[in-house]
Amino acid sequence: MNKFFLLVIFSFTLFFSCTSDETTTYYLIRHSEKERINPRDRNPNLNIEGEKRAQNWSEYFKDIAIDAVYSTNYNRTIQTATPTALSKNLKVDTYDPSNMYDSVFQKNTKGKSVLVVGHSNTTPAFVNKILGENKYESLSDDDNATLFIVTIKGDDVTSESKKVE
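Residues numbered from 1 in each chain as written. Predicted model: local features only at pLDDT ≥ 70, side-chain atom pairs only at ≥ 80, totals over all residues. Heavy atoms only, no water.

Student: Honestly, the pairing of strand S1 (residues 23–30) in this entry has me stumped. Any pointers?
Tutor: Every other side chain in a regular strand lies on the same face of the sheet, so the side chains alternate between the two faces. Across the eight residues of S1, seven count as buried, placing the element largely inside the fold. As paired strands, S1 and strand S5 (residues 146–153) are joined by seven bridges and run antiparallel to one another. From the neighbouring strand, Leu 28 faces S5, where its bridge partner is Phe 148. Judged from the six bridges that link them, S1 and strand S4 (residues 113–118) form a sheet pairing that is parallel. Looking at the pairing, Ile 29 lines up with Val 117 of S4. (Buried < 20%, exposed > 50% of the residue type's maximum accessible area, 1.4 Å probe, protein only. Helix = DSSP H or I, 4+ residues; strand = E, 2+ residues; numbered from the N terminus. Pairing = 2+ DSSP bridges.)

Spelled out as structure tokens, the structure:
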């Protein structure tokens, strides 16, 4: 009888652990305003407005649980991600925008809330890759305020975009 009881308990535990849907949430933003002093500079820093916006993003995410912060390996994206990462006691991990949302990234972020900082073209492309459809177009060059939120729960994937000034 004890073995049967243990088998039933084990079966229920296994069933509920397999059917519980983890929620993964991605917050995707473009880097803040960059210096435009040298048009040939492919890796500029943030300008003063960009530094302020990076701090504002940190304030925006203050009451939102973030488990990981990812950025492309450029000064402006890392500088945008850093205030939020520091406020959450996290490091900024880098990702390759030409190989985004691969199986390794998916595995490492499953069930987590993740901030991803990219560029005017890579951020919407990243969202589209997660969604499996071309829903969002590249951002305009002066758009540093759009936030994309993608939520995955089981097979249900939802997204929204909004301006955060």
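We are not done yet, so read on.
Student: Help me understand a negative patch on the surface, please; the structure alone is not making it clear to me.
Tutor: Side chains of Asp 21, Glu 22, Asp 155 and Asp 156 sit close together on the surface and give a patch of like negative charge. If you trace the backbone, Asp 21 turns up in the loop between helix H1 (2–19) and S1. Using a relative accessible area of 44% as the deciding quantity, one classes Asp 21 as partly exposed. (Patch = residues over 30% accessible without salt bridge, like charges linked within 9 Å, V, L, I, M, F, W, Y side chains within 5 Å. Areas by Shrake-Rupley, 256 points an atom, 1.4 Å probe, with all protein chains shown as cover. Salt bridge = Lys/Arg side-chain N within 4 Å of Asp/Glu carboxyl O. Lys, Arg positive; Asp, Glu negative; His and termini not counted. Charge placed at Lys NZ, Arg CZ, Asp CG, Glu CD.)

Student: Can you help me understand the pattern of salt bridges in this one?
Tutor: Opposite charge on two side chains makes pairing possible when the charged atoms of those side chains draw close. Per the stated rule, a full pass over the model turns up six salt bridges. When the shortest N-O distance is used, the salt bridge between Glu 33 and Arg 53 registers 2.8 Å. Of this pair, Glu 33 sits in the loop between S1 and helix H2 (48–60) while Arg 53 sits in helix H2, placing them 20 residues apart in sequence. As far as burial versus exposure is concerned, Glu 33 and Arg 53 are alike and both buried.

Student: Would you mind showing me how to read H2 here?
Tutor: Owing to its 3.6 residues per turn, the α-helix aligns residues three or four sequence positions apart on the same side. End to end, H2 covers 18 Å across 13 residues, agreeing with the expected 18 Å (1.5 Å per residue, within 8%). If you check which residues of H2 are buried, you get Gly 50, Arg 53, Ala 54, Trp 57 and Ser 58. Take H2 and look down its axis: the buried residues cluster within an arc of 150°, on one side only. Every exposed residue of H2 that faces more than 90 degrees away from the buried side is listed here: Ile 48 and Lys 52. Taken together, the buried residues of H2 touch S1, helix H3 (75–87) and S5. The N-cap of H2, judged by a side-chain oxygen 3.0 Å from the amide nitrogen of Glu 49 a few residues on, is Asn 47. (Expected span 1.5 Å × (residues − 1). Arc of directions from axis to C-beta. Contact = heavy atoms within 4.5 Å. Polar contact = N/O pair within 3.5 Å; in protein donor to acceptor, adjacent residues only side chain to side chain.)

Student: Would you mind showing me how to read the nonpolar core here?
Tutor: Across soluble globular proteins, nonpolar side chains show a tendency to be buried alongside one another. Tyr 26, Leu 28, Phe 105, Val 116, Phe 126 and Val 150 are the most contacted members of the largest nonpolar core, which totals 19 residues. When residues of this core are traced back to their parent elements, those giving at least two are S1, strand S2 (68–71), S4, helix H5 (122–131) and S5. If one sorts the elements of this core by residue count, H5 sits on top with four residues. Discounting chain neighbours no more than four positions away, the residues touching Leu 28 are Val 116, Thr 123, Phe 126, Val 127, Thr 146, Leu 147, Phe 148 and Val 150. Within the second largest apolar cluster, 14 residues are counted, among which are Trp 57, Ile 64, Ala 85 and Val 164. (Core = buried A, V, L, I, M, F, W, Y, C linked by side-chain atoms within 4.5 Å.)

Student: Just checking my understanding: could you explain the confidence of the model for the chain for this structure?
Tutor: Reading predicted coordinates in detail is not appropriate for stretches of low pLDDT. On average, residues of the chain score 91 in pLDDT, and 88% of them reach the 70 mark or higher. Note that residues 5–19 has pLDDT below 50 and, in this model, zero contacts with residues that lie over four places away or in other chains. (pLDDT = per-residue confidence, 0-100.)

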